Amino acid sequence: MQMMTNRMIKFLLGLALTMAATACGGGSAPVTSAGSTSSSGITLNGAGATFPYPLYAQWAHEYGAASGVKLNYQSIGSGGGIAQIKAKTVDFGASDAPLKSDVLDSEGLIQFPMVIGGVVPVINVEGISSGQLKLTGTLLADIFLGKIRKWNDPSIASANPGLSLPDQDITVVHRADGSGTTWIFTNFLSAVSESWKSKSGSGTSVEWPSGVGGKGNEGVSSYVERVKGSIGYVEFAYALQNKMAHVLMENRDRSFVEPSIETFQSAAANADWANAPGYYLVLVDQPGARTWPITGASFILMHREQPDAAKALAVLKFFDWAYKNGEPSAKKLDYVSLPGTVADLVRASWTSRMSSGGKPVWSNSGS
Amino acid sequence: MVPDASGEASRETAPRALPPGAKALPDFLFRTSAAVAASTVIVLLGGIFLELCINARLSIARFGFSFFTRDVWNPVTEDFGALSSIYGTIVSSGLAMLLAVPLSMAIALFLVELAPPLLSRVVGDAIELLAAIPSIIYGIWGLFILSPLIADHVQPWIQETFGEIPLFSGPPMGIGMMTSGIILGFMILPYICAVTRDVLKMVPPVLKESAYGMGATTWEVTRNVSIPYGLRGIIGAVFLGLGRALGETMAVTFVIGNDHTLSTSLFAAGTTISATLANEFSEATTPMYLSSLVELGLALMAISVVFQAAAYFWMSRLGRVTARA
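These figures come from a predicted structure and were not determined experimentally.

Caption draft 1: Focus on the overall build of chain B. Check the secondary structure of chain B and you find twelve helices and two strands. Counting from the amino terminus, chain B carries its helices and strands in the arrangement α-α-α-β-β-α-α-α-α-α-α-α-α-α. The globule rule puts the C-alpha radius of gyration for 325 residues at 20 Å, and the 25 Å found for chain B is more than 25% above it. Judged by the C-alpha coordinates and their principal axes, chain B covers about 75 × 60 × 40 Å.

Here it is in structure tokens:
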């Protein structure tokens, strides 16, 4: 009996010790970095925006096969990505909404664009198929403001001569969660409509004047598919893969354009990256006859001062590889990669703005 | 594990033959481990409450009591009020209770008083199975099956019958307060039903038999014997269901429409506290936004406590009344 109790106490002690050990181990796991200086065998951790997730995952897969470096990207959302990089639990963060340069300075971060995408208004109106309905920025803003409540409203009809519009209530579908997609979309609405700007403004989540909210691109698209007479907005790749009916948007040059890789590229081509501090650039409502007006870039965030030069270099090498070799898979997944000139600018900013122990992590030769 | 081992040990040997120390130790271990386990509940509850208060201090300081009375929710200007979420939580749970309570009472009474034993067992098992369905399945079912049904048939019919009164106005979306109330009702039905059935089963047969012996009908026995006898248990079951409805997140998020606008229409989109938290927590980037969400959580906890207290109060009063009678 005595022995039994002793064994019991030993067992309990052992259990407590094991639990304590695993608890400590679990807590410190994300910070452990591979000690080796060779790039293979290192695992890189990133987290953030959901929009570029399919592309980053594909790139990570291809890069892993080529170099042996493992990249683990968690699509927890732009806000989460910003929070994680601030807390230094990941090697890089990703956000669809760029941080302003004063925030970058105060947090000691650098930011650079990685990929370009478009946001597309999608509709579910009986008798109107994809690419038939034309909308101007003002019309879109008035619909989302709840000022235009019927599909056969005279103002919509006058922009769409010859199209028979039903006498149906419009249901607006927006994102319920904070999102970079919303950031791009509301920036566009604010750019084209004064009343939107003063009523709701722009941000990753805003106060919506009307409608219903879905969680994520999939939440919005399933609501749009379910609710007759609805209009929502999703990422281009998402609209394409789910064969949703999109609208034609009028751009700054007063021409109606289809959402496509070409029209997104046209928006990015005119952007002045060189003179944008911290690459803070809003790509909505850009000039150009073939420009899709609701376009935006997705950004990467890293710390300026890197504790582990080898690891930081491995991360930069991945992005360098993606700039050089990432275009085919980007195209296949309906994303737009950045022009080579922008990639060169970004590389130069790595050299000048990121260091480890006083030495730059990245040298222009590609290290 | 520990109580089991000591229990076996004491059964093997006669307790009186043991030396005093050996007898005391397992008992001491058992007592303390049980007491520690019990106290974790209090510590956990207090800890959660404290943590919520600390993390909500920013929004408490800024908005004060007006947080609960205003229906603004503007992350851009960082102006927050919880009214629409609180309203949605209470209305959707209320609709759920309206549906679930009468239905589960009827089912439980049928199972205990009327159904043949085999049928009673089959239906009883089916109800317990309903309770085991994950809430996300209810959500998907609500979005893909129930909401088109409501949009195409129920809401147009109601609007034609009652006219355009504010309670039923709006375009037929099939998404909103009504749909989430119905889904919630189906979700809590098995809980209320199973507990009510068990309570009714515990009514002593001798009571019922003597009533039958006096010539009472099944309805009279049910109304005058079974229900009064089990009333406290039944009320407990109802509040158990209400507690679940108040906190349910996943299924509601699918069908409620997640919009912060306050609307009188039962067919309009709304939001609940838990749906708002699930949607917005991961992307709440500013301290004030985060703090307001935490205060929402605090509000949900407060609502649950209020209903719990009401249940206790009601039951204790009932106890006194029946004791006097």
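Still to come is the rest of the account.
Caption draft 2: Structural view of the overall build of chain A. Each helix and strand in chain A was counted, giving 14 helices and 15 strands. Residue burial in chain A is summarised as follows: out of 367 residues, 48% are buried. For chain A, the proportion of contacts with a sequence separation of at least 24, taken over those separated by at least 6, is 72%.

Caption draft 3: Region of the structure containing the packing of helix 8 (residues 205-213) of chain B against helix 9 (residues 218-247) of chain B. Residues and elements named next belong to chain B. At their nearest, the axes of helix 8 and helix 9 sit 10 Å apart, and the two run at 160° to each other. Between helix 8 and helix 9, the interaxial angle falls into the category roughly antiparallel. Of the two elements, helix 8 crosses helix 9, and the hand of that crossing is right-handed. Counted together, Leu-207, Lys-208, Ala-211 and Tyr-212 of helix 8 and Val-221, Val-225, Ser-226 and Tyr-229 of helix 9 form the full contact between these two elements. By residue class, the composition of the contact of helix 8 with helix 9 is six nonpolar, one polar and one charged.

Caption draft 4: Representation of the interface of chain A and chain B. The interface of chain A with chain B comprises 34 residues on the first partner and 29 residues on the second. Looking at the side of chain A that touches chain B, its residues break down into eleven nonpolar, 18 polar and five charged.

Caption draft 5: Geometry of the pairing of strand 8 (residues 230-235) of chain A. Residues and elements named next belong to chain A. In terms of residue burial, strand 8 counts as a mostly covered element, since six of its six residues are buried. By the bridge criterion, six bridges tie strand 4 (residues 109-124) to strand 8 in an arrangement that is antiparallel. When the bridges of strand 8 are listed, Val-119 appears paired with Glu-235. The pairing of strand 6 (residues 171-175) with strand 8 spans two bridges and is classified as parallel. By the bridge assignment for strand 8, Thr-171 is matched with Ser-230.

Caption draft 6: Quick peek at the nonpolar core. The biggest cluster of nonpolar side chains holds 166 residues, and the ones touching the most others in it are Ile-300, Val-315 and Phe-318 of chain A together with Ile-188 and Ile-192 of chain B. Beyond its immediate sequence surroundings of up to four residues, Val-315 of chain A is in contact with Leu-44, Asp-91, Phe-92 and Met-302 of chain A.

Caption draft 7: Region of the structure containing helix 11 (residues 261-269) of chain A. Looking only at helix 11 of chain A, the buried set comprises Thr-263, Phe-264, Gln-265, Ser-266, Ala-267 and Ala-268 of chain A. Tucked into the core, helix 11 of chain A has its buried residues touching strand 4, strand 11 (256-257), strand 12 (295-303) and strand 13 (336-337) of chain A.

Caption draft 8: Structural context of the environment of Ser-92 of chain B. All names here are of chain B. Within the fold, Ser-92 resides in helix 4 (residues 83-114). A sequence separation of 148 residues divides Ser-92 from Leu-240, and the C-alpha atoms of the two residues are 16 Å apart. For Ser-92, the residues in contact, after removing those within four places along its chain, are Met-177, Ser-180, Gly-181, Leu-184, Val-252, Ile-256 and Thr-272.

Caption draft 9: Quick look at the sheet that holds strand 10 (residues 248-250) of chain A. Residue and element names in this part refer to chain A. Judged by pairing direction, the sheet is mixed, and its three strands sit side by side in the order 5-10-11 without closing on themselves. Here the strands that pair on one side only, and so sit at the sheet edges, are strand 5 (134-135) and strand 11. Where strand 10 lies against strand 11, two bridges are found, and the strand directions are antiparallel. Within strand 11, the residue paired with Glu-250 across the bridge is Phe-256.

Caption draft 10: Focus on the confidence of the model for chain A. On average, residues of chain A score 86 in pLDDT, and 88% of them are at 70 or above. For the stretch residues 11-38 of chain A, pLDDT sits under 50, and the model shows nine contacts to residues farther than four places along the chain or on other chains.

Caption draft 11: Main features of unusual backbone geometry. Residue and element names in this part refer to chain A. Notably, Asp-285 is not glycine yet its phi reads approximately 55°, a positive angle. When you line up the elements, Asp-285 lands in the loop between helix 11 and strand 12. Residue Asp-285 is classed as partly exposed on the basis of its 19 C-beta neighbours within 10 Å. We note that Asp-334 has phi near 65°; this positive angle belongs to a residue other than glycine. Inspection of the secondary structure puts Asp-334 in the loop between helix 13 (327-332) and strand 13. Asp-334 gets classed as buried once you count the C-beta atoms within 10 Å, which come to 21.

Caption draft 12: Broad picture of the packing of helix 6 (residues 135-162) of chain B against helix 7 (residues 177-201) of chain B. Residues and elements named next belong to chain B. At a closest axis distance of 10 Å, the pairing of helix 6 and helix 7 adopts a crossing angle of 135°. With respect to helix 7, the axis of helix 6 lies oblique. Crossing handedness for the pair helix 6 and helix 7: right-handed. On helix 7, the residues touching Ser-135, Tyr-138, Gly-142, Leu-146, Ser-147 and Ile-150 of helix 6 are Met-178, Thr-179, Ile-182, Ile-183, Phe-186 and Met-187. Across the contact of helix 6 with helix 7, the residue classes tally to eight nonpolar, four polar and no charged.

Caption draft 13: A look at helix 2 (residues 53-67) of chain A. Residues and elements named next belong to chain A. When the terminal C-alpha atoms of helix 2 are compared, their 20 Å separation across 15 residues agrees well with the 21 Å that a helix rising 1.5 Å per residue should span. The secondary structure elements touched by the buried residues of helix 2 are strand 2 (70-74), strand 4, helix 12 (309-325) and helix 13. Backbone geometry just downstream of helix 2 places Gly-68 in the positive-phi region, at approximately 85°.

Caption draft 14: Spotlight on the confidence of the model for chain B. Residue and element names in this part refer to chain B. Residue-level pLDDT values for chain B average 88, and 91% of them are 70 or greater. With pLDDT under 50 throughout, residues 1-14 is counted as low confidence; its partners more than four residues away or in other chains account for 14 contacts. In the predicted assembly, ipTM is 0.80 and pTM is 0.82.

Caption draft 15: How the structure looks around the environment of Leu-99 of chain B. Residues and elements named next belong to chain B. With respect to the secondary-structure elements, Leu-99 resides in helix 4. In this structure Leu-99 comes out as partly exposed when scored by C-beta crowding, with 18 C-beta atoms within 10 Å. For the pair Leu-99 and Leu-184, spaced 85 residues apart in sequence, the C-alpha separation works out to 9.0 Å. Not counting chain neighbours up to four residues away, the residues in contact with Leu-99 comprise Gly-181, Ile-182 and Gly-185.

How each quantity is defined
Residues numbered from 1 in each chain as written. Chains lettered and ligands numbered in written order. Predicted model: local features only at pLDDT ≥ 70, side-chain atom pairs only at ≥ 80, totals over all residues. Helix = DSSP H or I, 4+ residues; strand = E, 2+ residues; numbered from the N terminus. Rg over C-alpha atoms; globule rule 2.2 N^0.38 Å. Buried ≥ 20, exposed ≤ 12 C-beta atoms within 10 Å, placed from the backbone. Contact = placed C-beta atoms within 7 Å. Axes fitted to C-alpha atoms, helices over the stretch in contact; angles between N-to-C directions. Parallel < 35°, antiparallel > 145°, perpendicular 65-115°, else oblique. Left-handed = near helix turned anticlockwise from the far one by under 90°. Nonpolar A, V, L, I, M, F, W, Y, C, P; charged D, E, K, R; others polar. Pairing = 2+ DSSP bridges. Core = buried A, V, L, I, M, F, W, Y, C linked by C-beta atoms within 7 Å. pLDDT = per-residue confidence, 0-100. Expected span 1.5 Å × (residues − 1).

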